[in-house]
Amino acid sequence: MPTEQRVIASKPKIGAKSASSAVPSQSAAPAEEAEAKGGSKKKLLVVVLAVLLLGGGAGWYFLMGPGAGAEEAAEEHAPEPGEVLTIDSININLADGHYLRIGLALQMTADAAGHGEIQAAPALDHAIALYSGRPVTEVASPEGREALKAELLHRLEEPYHEGVMGLYFTEYVTQ
């Protein structure tokens, strides 16, 4: 004769599922949930440790390692402003019969004065070479104007031995 096995449950807790609604295959579910919680705790611990190690490594790099003093070095090497060389306005021929009247001022570094008298001719030569023949739409647009200004400043680094730290337009008229 087969024996019947009965499970006697204790008094259910508030909010708990009743024993009658439990499916027999869910009896292993609490054990799996406990393992999943333990696994998520392990993952969280690994993530926290990784963040701490990365933060500690970055802190060491910027405070004691090769990155320490990078800001100080940049501040020490920042050029000191010197005199401003104002260059008379010139007319430059653009494409399709248009022209550009441009006046320049170069903000020199304090060290540039040590290279002797500063000549305007290289700046004018580079400006003429850069702007000549360009379409008026490129020269007149704010984006084109800033891009050409940056290019001219870059071109002036060599002839002035990196003594130019700023470029200003004192006149800029297109027709």
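Residues numbered from 1 in each chain as written. Predicted model: local features only at pLDDT ≥ 70, side-chain atom pairs only at ≥ 80, totals over all residues. Heavy atoms only, no water.

Please explain helix α3 (residues 121–131) as it appears in this structure.
An α-helical segment advances 3.6 residues per turn. Residues three or four places apart therefore align on the same side. By the burial criterion, the buried members of α3 are Ala123, Ala127, Leu130 and Tyr131. The arc that holds every buried residue of α3, seen down its axis, measures 80 degrees, which confines them to one face. In this structure, α3 carries Ala121 and Ala129 as exposed residues pointing more than 90 degrees from its buried face. Among the structural elements, β1 (81–93), β2 (99–109), α4 (136–140), α5 (142–155) and β3 (164–174) are those in contact with the buried residues of α3. (Buried < 20%, exposed > 50% of the residue type's maximum accessible area, 1.4 Å probe, protein only. Helix = DSSP H or I, 4+ residues; strand = E, 2+ residues; numbered from the N terminus. Arc of directions from axis to C-beta. Contact = heavy atoms within 4.5 Å.)

So what exactly am I meant to see when it comes to unusual backbone geometry here?
Within the chain, His161 stands out as a residue other than glycine whose phi angle is a positive 50 degrees. Here His161 lies in the loop between α5 and β3. Owing to a relative accessible area of 54%, His161 belongs among the exposed residues under this scheme. Of note, Glu162 is a non-glycine position whose phi angle comes to about 55 degrees, a positive value. Its location among the elements puts Glu162 in the loop between α5 and β3.

How should I be thinking about the pattern of salt bridges in this particular structure?
Taken as a whole and assessed by the stated rule, the structure comprises three salt bridges. The salt bridge partner of Arg101 is Glu171, with a shortest N-O separation of 3.2 Å. Of this pair, Arg101 sits in strand β2 while Glu171 sits in strand β3, placing them 70 residues apart in sequence. A relative accessible area of 26% means that Glu171 is categorised as partly exposed. (Salt bridge = Lys/Arg side-chain N within 4 Å of Asp/Glu carboxyl O.)

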